[in-house]
Amino acid sequence: MSSGKILVAQGGGPTAVINQSMVGVTLEARRFRNVTRIYGALHGVRGIVNEDFLDLTQETSHNLELVAATPSSALGSTRDKPDMAYCQRIFEVLRAHEIEHFFYIGGNDSADTVRIVSEEARKAGYPLRSIHIPKTIDNDLVGNDHAPGFPSAARFVAQAFAGANLDNAALPGVYVGVVMGRHAGFLTAASALGKKFPDDGPHLIYVPERTFELERFLADVKAMYERHGRCVIAVSEGIHDASGQPVATLLAKEIERDQHGNVQLSGTGALADLLCDEIKSRLGIKRVRGDTFGYLQRSFIGCVSDVDQREAREVGEKAVQFAMWGDRDGSVAIRRTGFYSVDYELQPLDAVAGKTRTMEDEFIAPSGTDVTDAFRLYLRPLLGSRMPDAFRLRGATVEKVLKR
C-alpha cells in the first residue's frame, strides 16, 4: 500500500530563489490526493542520513509564500559530496521512512547523488521516484538554457559593477572585482550588463574559459588606463594559466583548500589583493582598489530577478508533476523558447550528473576580455524587470577666465 510520503532537500550553495523551488514542490504536492506527508530534510543529505526532518505538511500556505520570497536555503544546506556508501545510507533512510518521492534541489553534484540513490532503489526493487531540481548561481548545469539562482546573482553582479563604475568615474583609478565562478564565467560576464555608455566599465572581463596571462593582463590594464584615465576590471575567481593552474595559487604564498580538496577561491580576497599588488608595483598606478564579492551575490536580499523567482517556483512544480505523472526519474531542465519564454523537460540524470557547462565561444569576444552581443541578448531577459539605470550630466562647460 502506498505511503504517500515525499521528501524535499536543498544542497550546495544557497541562492536568492532556492526557497521558491522548495515551496513549489510543497504546494504542488498538496494538490495530489495520494500525498499524505511532505517532509523537508534539514541541511540536505546530511539531514537525511541523520533523519532530521521537518513536516512541511503542517506549514500554512501563507508562511510558505513568505519563506519562498526569502533568499538562502530555509531548510539549511550542506557541502557533503556523497560517495556510494553515503548514498546507500540515504536510500536506507528513505526506505525506512517509506518515502516514495525524493526531490533534491541543487547543482551537478546533487544530480549525481540523485542518480546513485535512484539506482540503489531500482536494484532493491523499491518504488522510489527520484527527481533532481536545478539550482546554481554559476549557471554551469548542462542541458539547461540557464539555472535558477543564476539570474538573480547576475542581476546583483550587473548592478554592483554599475555602481563600482560610477564610483570609479568620480574618483578615477583601477578597480578589480572578483566574482564567483571556478570553471564557468557566466556570472563574471554578467558585469557587462551594468554598462550604459561606451566608456563605462567594466573595461576588461576575464573568465575561466580563456587562459590568463599576467603580462597580457598588465598590458590590457595599462592600455585601458591610458585611454580612459581609469579602468574597471571584472575577474572570475577561477582564472588560470595555460597549464590549468589557478592564478590565485601562482601568486599566493599560502594555499587554502576546501573539504573536497579544491583550492579555496571564494571569500578569501586573496586574488583581488594579489592582482591589485601587481598593478601597483608593475604599472605604478597609485589608486588601485579591489573587492571580492564572495557570498554577497548568492543571497542578497532585495536584489532578486522576478523572472528567476517565477522559474524557480515552476521547476519545483514541474518536478512534482513529472514525478506523479511520469514513469521515470530525471532532472528538470529549462529550455528557452522564443524571446522570451521557457519550457520544462525531464532529462536523464546521467546527462547532467557530475558534468560542468562552461560559457559558449559565441558569448566571448575575440579579445577574450569582453562579451558579445549574443551574450547580452541571452542574459538581459533573465535579469527581470525594473533594472536600475544611471544617467550623466549634459550641461555645457563654462569658458575659463584665468586659465584660458
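Residues numbered from 1 in each chain as written. Predicted model: local features only at pLDDT ≥ 70, side-chain atom pairs only at ≥ 80, totals over all residues. Heavy atoms only, no water.

**Student:** What exactly am I supposed to notice about the pairing of strand E11 (residues 341-347) here?
**Tutor:** Along any regular strand the residues' side chains alternate between the sheet's two faces. The pairing of strand E10 (residues 330-337) with E11 spans seven bridges and is classified as antiparallel. Paired with Arg-336 across the strands is Val-342, a residue of E11. Count of turn residues in the E10/E11 antiparallel hairpin: three residues, of which Gly-338 carries a positive phi of about 70°. (Pairing = 2+ DSSP bridges. Helix = DSSP H or I, 4+ residues; strand = E, 2+ residues; numbered from the N terminus.)

**Student:** Explain the packing of aromatic side chains here, please?
**Tutor:** Ring pairs (aromatic) are described by centroid distance and by the angle formed between their planes. Tallying each qualifying case throughout the model produces 16 aromatic pairs. Between Phe-161 and Tyr-175 the ring centres are 6.3 Å apart and the planes differ by 75°, which places this aromatic pair in the edge-to-face class. One end of the pair, Phe-161, is in helix H6 (residues 150-170); the other, Tyr-175, is in strand E6 (residues 174-179), with 14 residues separating them in the sequence. Exposure remark for Phe-161: the relative accessible area of 0% places this residue in the buried category. Its relative accessible area of 11% is what places Tyr-175 among the buried residues. Put simply, the rings of Phe-150, Phe-186, Phe-363, Phe-375 and Tyr-378 touch in pairs and so form one group of aromatic residues. (Phe/Tyr/Trp six-rings, centres within 6.5 Å; stacked < 30°, edge-to-face > 60°. Buried < 20%, exposed > 50% of the residue type's maximum accessible area, 1.4 Å probe, protein only.)

**Student:** How should I be thinking about the sheet that holds strand E9 (residues 288-292) in this particular structure?
**Tutor:** Whenever strands of a sheet pair, they do so through backbone hydrogen bonds, lying parallel or antiparallel. Taken in spatial order, the four strands of this open sheet run E7-E8-E6-E9, and their pairing is parallel. The open sheet has two edge strands, strand E7 (204-206) and E9, and neither has a second partner. Sheet twist, expressed as the average angle between the axes of neighbouring strands with direction ignored, equals 15°. The sheet contact formed by E7 and strand E8 (residues 231-236) spans three bridges and is parallel. Bridging across to E8, Leu-204 finds its partner in Ile-233. Packing of helix H10 (residues 270-283) onto the sheet brings it into contact with E6, E8 and E9, and relative to E9 it is tilted by some 165°. (Axes fitted to C-alpha atoms, helices over the stretch in contact; angles between N-to-C directions. Contact = heavy atoms within 4.5 Å.)

**Student:** What am I meant to see in the sheet that holds strand E3 (residues 53-55) here?
**Tutor:** Strand order across the open sheet formed by seven strands is E3-E2-E1-E4-E5-E10-E11, with mixed pairing between neighbours. If you trace the sheet from one side to the other, it starts and ends with E3 and E11, each paired once. Taken over all neighbouring pairs, the strand axes of this sheet differ in orientation by 25° on average, direction set aside. Both strand E1 (residues 5-10) and strand E2 (residues 37-41) contribute to a ladder of four bridges, which runs parallel. Pairing of Val-8 across the sheet is with Gly-40, part of E2.

**Student:** How should the pairing of E1 be read in this particular structure?
**Tutor:** Most of E1 sits out of view: six of its six residues are buried. Side-chain alternation along E1 places Lys-5, Leu-7 and Ala-9 on one buried face and Ile-6, Val-8 and Gln-10 on a second face that is also buried. Regarding topology, helix H1 (residues 18-29) serves as the crossover connection from E1 to the parallel E2, and that connection is right-handed. Relative to strand E4 (residues 99-106), E1 runs parallel, the two sharing six bridges. Bridge pairing links Gln-10 to Ile-105 in E4. (Right-handed = clockwise from strand over helix to strand, strands pointing away.)

**Student:** Help me understand the UniProt feature "binding site: Mg(2+)" (unreviewed entry) in the protein, please; the structure alone is not making it clear to me.
**Tutor:** Here, the residues flagged by UniProt with the feature "binding site: Mg(2+)" (unreviewed entry) are Asn-108. Along the chain, the position of Asn-108 falls in helix H5 (residues 108-124). Once residues lying within four places of it in the same chain are set aside, the contact partners of Asn-108 are Asp-140, Leu-141, Val-352, Ala-353, Gly-354, Lys-355 and Thr-356. (UniProt positions renumbered as here; feature names shortened; annotations may be inferred.)

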